[in-house]
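# Fold and contact review
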Amino acid sequence: MTAPITTTVPLTIRVENSYANGDAFTHVLDISISPPTPTTCLTDWALDELIPFTGEGPQYANTEAIYEVEILAAPDAFAHLVGLAVTAEG
C-alpha cells in the first residue's frame, strides 16, 4: 500500500508585522498549506506560501513595513521546516 500524497501540511507560525509608524503586531497562527517539494528552494517557498499571512489589513496598506514569519511547529515528516524564517518589506 502506498502512503497517501500530502496536499497540505498543518503548521504553526509566528507572524510579526512592524510598521514604519511604530505599530507592531505579533500573531501565532495555525495554518494548513501546500508543503515544499524535495527540490523546492525553501526560501522561495516560504516567500510564496507564508508571507501572504502577514499584514494587518487595509488600514496599513500605505504604511511601509517589515514582515517576518517563522515556522514554530510542524508534523514529524516536516520537522526540518521548524525554525525556517523569512522576511519581506513592503
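Remember, predicted model here, so these are calculated numbers, not experimental data.

The next point concerns the pattern of salt bridges. Within this structure, the stated rule accounts for two salt bridges. Residue Glu 16 is joined to Arg 14 by a salt bridge in which the shortest nitrogen-to-oxygen separation is 3.1 Å. Looking at Arg 14, the relative accessible area reads 26%, which means it is partly exposed. A salt bridge links Arg 14 to Glu 70; the nearest nitrogen and oxygen atoms lie 2.4 Å apart. Taken together, the residues span a long stretch of sequence, with Arg 14 in strand β1 (residues 9–19) and Glu 70 in strand β3 (residues 65–73) at a distance of 56 residues. Here Glu 70 falls in the partly exposed class, since its relative accessible area comes to 23%. What you see here is one network of salt bridges that share partners, running through Arg 14, Glu 16 and Glu 70.

Okay, the sheet that holds β1 next. If you walk across this open sheet you meet the four strands as β2-β1-β3-β4, and the pairing is antiparallel. Edge positions in the open sheet fall to β2 (24–33) and β4 (85–89), since each of these has one partner strand only. Averaged over all pairs of adjacent strands, the angle between their axes in this sheet comes to 20°, without regard to strand direction. Strand direction decides the pairing type here: β1 and β2, joined by ten bridges, are antiparallel. Within β2, the residue paired with Asn 17 across the bridge is Phe 25. Its contacts with the sheet place helix α1 (residues 42–49) against β1, β2, β3 and β4, and it is angled at close to 60° to β4.

Analysis parameters
Residues numbered from 1 in each chain as written. Predicted model: local features only at pLDDT ≥ 70, side-chain atom pairs only at ≥ 80, totals over all residues. Heavy atoms only, no water. Salt bridge = Lys/Arg side-chain N within 4 Å of Asp/Glu carboxyl O. Buried < 20%, exposed > 50% of the residue type's maximum accessible area, 1.4 Å probe, protein only. Helix = DSSP H or I, 4+ residues; strand = E, 2+ residues; numbered from the N terminus. Pairing = 2+ DSSP bridges. Axes fitted to C-alpha atoms, helices over the stretch in contact; angles between N-to-C directions. Contact = heavy atoms within 4.5 Å.

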